[in-house]
Structures are given as C-alpha cells and as structure tokens.
Amino acid sequence: MSLRTHWPVVAILVGFLAIGLMYSLITPIFEAPDELQHFEYVRHLVRTGSLPNMRDAVRPWEQEGAQPPLYYLTAAAILHGLPSAELDASVRLNPHARIGLPASRANKNRVVHAADERFPFRGLARTVHTARLASLAWGSLGVIGTYMLGWLALGRRITQAALAAALVAALPQFAFIAGAVSNDASIMAVVAWALTGLWYVSSRVPSFRSGAWVGLLTGLAALCKLSGILIVGFGLILLAVRWRRWASQRCYGIALAAYMAIAALAGGWWYVRNWLWYGDPTGLRPMLDVVGRYRTPLTLSEIAAQWQGIWRSFWGVFGWFNIELPGWIYVTLGGATLVTAMGGMLRLLVPHLLRGRSSTPAFQMEPKIEDTPPSLGWLILWTGIVLVALVNWMRITPGAQGRLIFPALPALAVLAAWCWQGWHTRWGTLAGWGMVAGLAALSIAVPFAVIRPAYQPPPLLNALPSNATQLNFIFGERIRLLGYQLSRQTLLPGDELAVTLFWQGRDSVAQDLSVFVHLVSNDGLLISQNDSFPAGGSWAISQWPTGAVISDTHWLPIPATTYTPDEATLRVGLYDTNTGERWPVSPLTDENSVPIATVKIEPRPGEVPNATCVNFGNQLTLIGYELKQRAIPAGKSVRLTLYWRLNRPLERKLTTFAQVLGEDDRIWGQRDTEPAPKEGDWQVGQIVRDDKKFPLDKTTPPGFYRLYIGVYDSDTHELLETVPSPGCLTADPLVLTQIHVLPRP
C-alpha cells in the first residue's frame, strides 16, 4: 500500500480534521454530553496518577469513573506538564440548565461561561481544548480504520472504501463527539481496527502471531469502553468459524489460544480490578448507582417510544442532548437511509430473481465480483450485537443516546457503501457521494448555524428600548429593573408568553443570582413560572459590566388545562441561587417580588367550559372541566365537573378519579366515580358530564395543592395512560389545575 494509491483517504482525513477542529473550537467547553465528567476523570489522572475510585466520598467524575481507562490515559498524557493553575480552575454549573430538553428555548448551557473561554483560550478553557485533541486523534484513527475495513471487505476497491470512510468523516454527530472530551471516538476507532484485523487474519492461515495481533486490538477495545467486551466475543466467534474450515487442529488451537490470552492480558486486568474493588467485573453496579436504574425494566414498546431520540442523536443532537437540527433534516436523512437499505435489498435479491431467465433483464447488475462478500454477514451480525446491547441498556437505565451505536459505525458505513451499488455500480456510487456531500455541508454549517447561536448572549444595550414599558425597581441596592416588553396581552391555554426584562448593574455583584418570573392567577395560584440566570443562562450577573443594559427574555408556557377566564399578574424577583433567599427590592413590595403587568387568559372555543383534549387509552377523552371554587377552606368540599367523550365502545367498566395532593404526594381529598349517561348506553362520540364532590381533610394545611385526575379499570385498577392524539395533551399523571386551600373557618 502507498499513499499515492490511497490518496483519497488522506483527503478525507484532512477534511475530517478541519470539521472536527471547527466543532472543538466553536462548542463551548463542557457543552457536550458528559464532557465535564470525562474531563474530571482526566484531571484526576493528571493530578494523582491513579485511577478513579467509585467509592470515594467526592466523585466529580460521577458515573464516568467506572469507565475503562484507555482514552483517559491518552488525554492525560497530552495534558501532562500544563500549569497546575489551568488544571485546577473551578467550574460553575448553570443550575437551570435544560438538559435533555431540545424544545426549551433557553438555558442550553450546562456551565457558566467566562470571557477567557474566547479564542485565544486561556486558563481552564485552554486545558479543555487541549484535551479535546485526544478525541480528535482517536476520531482520525477511526476514519482511517473504516477505510481499511472497507478496502478489505469490498474487494479492495479504493472508491468504495473511501466512500465508507467519508460517510463516517461527514457524520455531524461523530465530528461533534470527536471534538469533545469523550471516550466515544476511541471505542469507534479501536473497533474499526479490530474489525479490520479480524477480517484480515480470518482469511489467512491461523498462527500464533495473527491470533496475538488481533487479540491485542480487541483487548484494547475492552479498555476503551464496556461495549468493547462485545468485540472480544465477536472476534472469537468469527475466528473460530472461519479458521475451523481449513486449518489443522494444532494451528487452530494455538491461534485461538493466542487470541484469548493476549486479549485477556491487554484488557482483562481492568475487569479483575473492578471485581476486587466493587465485586462486579464490569463496573456496572457502581455506575448505575450514580445514573440510576428503572424500578422495573422497560418493555419493548416503551423502548420503541424512545427510539426517535436514538435516531436523531445518531445523526446530530448537540449540547447536553438539548440542541436539535430542524425536523425536516431528520426526515430527509430517514429517506436517504431507506433508499440505501433498498439498494442493499436489490443487490441481494435481484441476481436470484433474474437467474435462469433467457430474456434480457430490465437493468444490468454491473458488479463482476461476488455480490455477497464473506464480510457482509459478519458486519450485519456485529451491528446487530451492538443494537441488542443498546436495547438492553435502554431497558435498565435512562439516558441512552445515538452515540452508543458508534461501535457499529465502521460496519454501518461499509454496509452503506455496499448497498449504494445495488442501484447501479456508477450511479449508485455517485448517489452515495452525493449523500456524503450533503452530510459534509451539514457538518460544516452546524457549528455556525446551530451550536454557536444556542450559547450566544444577547448584545449589551446602552439604554432601555423606546418601545419597552419603563420601570424603576432596585434590588439589593445594586441591580435596577429598568423595564419590560410582553409578546402579547391576551392568551389562550396552551399559548406561550415571552417576557423580556431589561436590567442594569449599578455595582458589581460577586454571587450569581437567579431571576424568577411568575404568572399568578386572581386566586393567588401559580399558573406558570420560569427561573433562570439572566439572558437564558448566558449572562450570569457576576459577569455584568457596570452600567450596561442587559436584555433578559423568559418564556412562560400556559398549561393547556389552565382555568379560564382569568386575569393574571406577572411578578418578577431575584434570589440567591445557593440559599434561595430573595433579594430585597425598593420600593418595598410583598414577598420581595415586583408586579410588573397583568395579562388576560381567555377560554378556548369549545362546547364545554375550559375546553381541552386529553386522550386516555384511546377509550375516553377529557374535553373540558369546571371548578366551582379554586380557593377552598380546609374541611370544605371540592366541586369538580369533568366532561368526557367516548372514543370507542366500552369493553370494560372504567372509573375516573380526582385527587388533591400536597408537596409530599399525600392525598388530602379524593373522589372516584364511574361516568355514565343519564339514560341508555354510552354511545361513541357522546359527551357525559361527570360530577365529583368531595371534602378536603379538615387538617389540610393552608397552601397550594395539585388537582390530579385519571382513569382506571374498575376491576383490575390498571391505570389508562394518556396517548398522543392530534391537538391533545399527554401527561401521566395529569395535573388538571391547582387549588388554594385556606385555613379552616
């Protein structure tokens, strides 16, 4: 092999390094999934020279301390010798970060970012960006390894191998992860080379050397991530089957023994350590103690409900799983994936359908080499093993993401290159390169059009905008609330209200304060609220320039079941994030919060009061409700009317319930009834009035309480879950509204 012959992989590698470097430079530090915990692992290695212990009282690395160490050792080697001041700098978390909530408009940032994070980087920012180079190096090895795997598996065709490598290099999510402190690029890289080695040696006479070489690669995979253990077992099966066909028993046994021995020596020591330290060779037990487990494993249907998140985050979901691409891009990628799979089916099936026919086929399958190379089935098997492992992981713990498929990424890329030729040798390949070009353009655009704007603070202002309503409140004698703007004055349930506040720092403030914006009903009930550092988390108060005006927008969702009509008051205040203590305001106001405006909440059009839509098990739909009083003394009765519409004929008796719950989920009042029409049977589409009157416990403390409703099977007491329907709300359990419990008269 020579670089002159294989120049395409060099060009692809240069392009990948350029794209990965863009992600690394533009993504703020610690704004990739678990990057902070991965970095704490590396920082611990550099400081102490020892591996993390999941039994330590203080574990800044959290669950990542149970990860195998190969990636972290390489990152620590890069950071060795950096000034200790840069390494030891502290990190300030954003307590209002919307992790895993891509629909949220603000607080995408996991940490509070400082001015020294801008290029050229200084302090901790320079340290993190240096550590990110380790991931970029591993990602580069993964691109080259995919090329080598494709070259061997696709008949040593340089164009097809380059196509597979380019698909990996152009994948936005892979470039994003390779530009962050994360071990996901390392496991993908080592698996790519392990698959390459397995394919190469399985086609040759087994020997001690070949078994030891590929055993080293699979053993290193087990040192990258727990999923690396899978490639050790997969390699054993592949070699046992392929070598068995033609090797002598002696060579066969020696080669397999060498494979297992070297794999165990390379990676086994980590699992022995875990067994001695935690009583669990995999380290899963201490890891799950941190991230949490489901009380009961999820069913396949529950796993399927999460699959959209896996699909999207395989292609590109950024930040802490809270920055998505426009929806049409995922749809387009889904279509391209379907076309790719259809090409593979054509390549498999058409030769068999045309076999034995004397007439000229409708189109010529041009490839002259074997249409189903030996590697194809093995690559499909490996992909299947990774997906089964992912499903099992999803069964037991939350937080699965598409990057967990990365161990199968080299195999998927090679299979895609093979599938594209199913349409036509030339045009299919061109279509594949067209998809690569589209992905590359997307990868280049994402850092500038998607990631950077999500963390960009609004520009500083010199004065209050002329179209803002002027205010003059001073908090703690240091911060002035100058005015506000509202997106609208009249709202409907399900709408969203944007409130923009304009602040000015009169003096420096050392601590980071949170802003709260409450929308309060006439009865004093909290309709909606938003708590945040100013400017959606991007302008911490401790960083405000004195005298500058800060634009601070808050979005308040109006619940779909909000009681109407109502006139609600917007109240604003500041509080210490650590203690929860509100800052005093001048002029003095109740509860140290400022009433800045009132808005009207009008009823939605409908045939019943408080029209809404909640589908329970495709059986009953709540279409509205009435509540005679929302402020009720303890010991008095709640009078609630629910309006139900039957979706399909009743196959069992159903009971509806209403409960008043406090902060500790104690039930202070409840009523269960079986709704039915006054006359005759309940017909599909018919609306039934369901009156519930029940007393509150006489000892109910004054305060605000949630009013829950639901439906269950009268015989089995099995709850009916809310299901998605056009224009309907899904929530389990469903909080209908709040009530204010007054002191007992």
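A few points on the structure. (Residues numbered from 1 in each chain as written. Predicted model: local features only at pLDDT ≥ 70, side-chain atom pairs only at ≥ 80, totals over all residues. Heavy atoms only, no water.)

Another aspect to go through is the overall build of the protein chain. Along the backbone of the protein chain there are 18 helices and 21 strands. When the backbone C-alpha atoms are referred to their principal axes, the protein chain occupies close to 95 × 75 × 55 Å. Expressed as a percentage of its 745 residues, the buried residues of the protein chain come to 52%. The contacts of the protein chain with a sequence gap of at least 6 include a subset with a gap of at least 24, amounting to 74%. (Helix = DSSP H or I, 4+ residues; strand = E, 2+ residues; numbered from the N terminus. Buried < 20%, exposed > 50% of the residue type's maximum accessible area, 1.4 Å probe, protein only. Contact = heavy atoms within 4.5 Å.)

Before going further, it helps to examine the packing of helix H2 (residues 35-48) against helix H3 (residues 70-79). Orientation of H2 relative to H3, taken along the N-to-C sense of each, is 60°, at an axis distance of 9 Å. The angle between H2 and H3 falls in the class oblique. Considering how the two elements wind past one another, H2 and H3 form a crossing that is right-handed. Of the residues in H3, those touching H2 at His38, Phe39, Tyr41, Val42, Leu45 and Val46 are Tyr72, Leu73, Ala75, Ala76 and Leu79. (Axes fitted to C-alpha atoms, helices over the stretch in contact; angles between N-to-C directions. Parallel < 35°, antiparallel > 145°, perpendicular 65-115°, else oblique. Left-handed = near helix turned anticlockwise from the far one by under 90°.)

A separate point is helix H12 (residues 284-291). Those residues of H12 lying buried are Pro286, Met287 and Leu288. Following H12 by one or two positions, glycine 292 has its phi on the positive side, about 95°.

A cluster of nonpolar residues, Leu21, Leu25, Ile78, Phe119 and Leu133, forms a patch on the protein surface that exposes about 460 Å² of accessible area. With respect to the helices and strands, the residue leucine 133 is situated in helix H5 (residues 123-153). (Patch = residues over 30% accessible without salt bridge, like charges linked within 9 Å, V, L, I, M, F, W, Y side chains within 5 Å. Areas by Shrake-Rupley, 256 points an atom, 1.4 Å probe, with all protein chains shown as cover. Salt bridge = Lys/Arg side-chain N within 4 Å of Asp/Glu carboxyl O.)

Per the stated rule, a full pass over the model turns up 3 cavities of 30 Å³ or more. By volume, the largest cavity amounts to about 80 Å³. Lining the largest cavity are 10 residues, with Leu195, Trp199, Leu238, Trp378 and Leu379 positioned closest to its centre. Looking at the lining of the largest cavity, the elements that each hand over two or more residues are H5, helix H8 (184-202), helix H10 (228-244) and helix H16 (374-396). Looking at side-chain class alone, the lining of the largest cavity contains 9 nonpolar, 1 polar and no charged residues. The computed volume of the second largest cavity comes to approximately 60 Å³. If you trace the second largest cavity, you find it lined by Ile479, Gly505, Asp507, Ser508, Val509, Ile541, Ser542, Trp544, Pro545 and Thr546. The residue makeup of the lining of the second largest cavity, split by class, is 5 nonpolar, 4 polar and 1 charged. (1 Å grid on protein atoms, 1.4 Å probe; cavity = no way out; pocket = protein on both sides within 12 Å on 5 of 7 lines; lining within 4 Å. Points joined across faces, edges and corners; volume = space filled by probe spheres on them. Nonpolar A, V, L, I, M, F, W, Y, C, P; charged D, E, K, R; others polar.)

Attention now moves to the state of the cysteines. In the structure shown here, the tally under the stated rule is 1 disulfide. The side chain of cysteine 613 participates in a disulfide bridge whose partner is cysteine 728; the two sulfur atoms lie 1.8 Å from each other. Residue cysteine 613 is found in the loop between strand S12 (594-601) and strand S13 (614-616), and its partner cysteine 728 is found in the loop between strand S20 (703-713) and strand S21 (734-742); the two are separated by 115 residues along the sequence. Judged by relative accessible area, which is 19%, cysteine 728 ranks as buried. (Disulfide = S-S within 2.5 Å.)

Let us now look at unusual backbone geometry. For the peptide bond that leads from phenylalanine 119 to proline 120, omega is 0°, which places it in the cis range. Position of proline 120 among the secondary structure elements: in the loop between helix H4 (84-87) and H5. For the bond from serine 586 to proline 587, the omega torsion is 0°, close enough to zero to count as cis. With respect to the element layout, proline 587 can be found in the loop between strand S11 (585-586) and S12. A positive phi is found at phenylalanine 30, a non-glycine position, where the angle reads about 65°. Among the secondary structure elements, phenylalanine 30 is positioned in the loop between helix H1 (7-26) and H2. The residue glutamate 477 is not glycine, and still its phi comes out positive at about 60°. Position of glutamate 477 among the secondary structure elements: in the loop between strand S3 (469-475) and strand S4 (479-486).

Looking now at the side chain of glutamine 401. Within the fold, glutamine 401 resides in the loop between H16 and helix H17 (409-420). Its relative accessible area of 12% is what places glutamine 401 among the buried residues. Within polar-contact distance, the side chain of glutamine 401 engages the side chain of arginine 403 at 3.2 Å. Dropping the residues within four chain positions of it, glutamine 401 is found in contact with Pro33, Ile310, Ser313 and Phe321. (Polar contact = N/O pair within 3.5 Å; in protein donor to acceptor, adjacent residues only side chain to side chain.)

Here threonine 429 is to be found in helix H18 (residues 425-455). A relative accessible area of 8% means that threonine 429 is categorised as buried. Side-chain polar atoms of threonine 429 contact the side chain of glutamine 160, separated by 3.1 Å. If we skip the residues at most four places from it in the chain, threonine 429 touches Thr159, Gln160, Leu163, Trp420, Gln421 and His424.

All right, on to the packing of aromatic side chains then. One pair of aromatic rings is described through two measures. These are the centre distance and the angle between the planes. Inspection of every chain in the model, using the stated rule, returns 23 aromatic pairs. Judged by centre distance (5.2 Å) and plane angle (90°), the rings of phenylalanine 176 and phenylalanine 318 are edge-to-face. Taken together, the residues phenylalanine 176 in helix H7 (residues 172-178) and phenylalanine 318 in strand S1 (residues 317-318) connect sequence positions 142 residues apart. Overall, the relative accessible area of 1% leaves phenylalanine 176 in the buried class. (Phe/Tyr/Trp six-rings, centres within 6.5 Å; stacked < 30°, edge-to-face > 60°.)

Moving on, we get to the layout of surface pockets. Computed from the structure, the largest pocket encloses a volume of approximately 1,300 Å³. Lining the largest pocket are 46 residues, and of these Trp393, Thr397, Gly399, Ala400 and Leu404 sit closest to its centre. Here the lining of the largest pocket gets 6 residues from one element, more than from any other, and that element is H16.

Here the focus is the pattern of salt bridges. For the coordinates displayed, the defined rule picks out 16 salt bridges. With a closest N to O distance of 2.4 Å, lysine 225 and aspartate 184 form a salt bridge. With lysine 225 in the loop between helix H9 (208-222) and H10 and aspartate 184 in helix H8, this residue pair connects regions lying 41 residues apart in the sequence. On the accessibility criterion, lysine 225 (11% relative accessible area) is buried. A single network of salt bridges, built from pairs that share partners, joins Asp34, Asp184, Lys225 and Arg403.

Further remarks concern the nonpolar core. Across soluble globular proteins, nonpolar side chains have a tendency to be buried as a group. In terms of nonpolar packing, the biggest core is built from 131 residues, with Phe174, Ile231, Leu239, Phe318 and Trp382 touching the most fellow members. Looking at which element gives the most residues to this core, the answer is H5, with 14 residues. Listed in part, the 36 residues of the second largest apolar core include Leu501, Trp539, Ile550 and Ala597. (Core = buried A, V, L, I, M, F, W, Y, C linked by side-chain atoms within 4.5 Å.)

With that settled, the discussion passes to a negative patch on the surface. Together, Glu302, Glu718, Glu721 and Asp732 give the surface a local cluster of negative charge. Among the secondary structure elements, glutamate 718 is positioned in the loop between S20 and S21. (Lys, Arg positive; Asp, Glu negative; His and termini not counted. Charge placed at Lys NZ, Arg CZ, Asp CG, Glu CD.)

Read these as layout, nothing more, since geometry by itself doesn't imply function.
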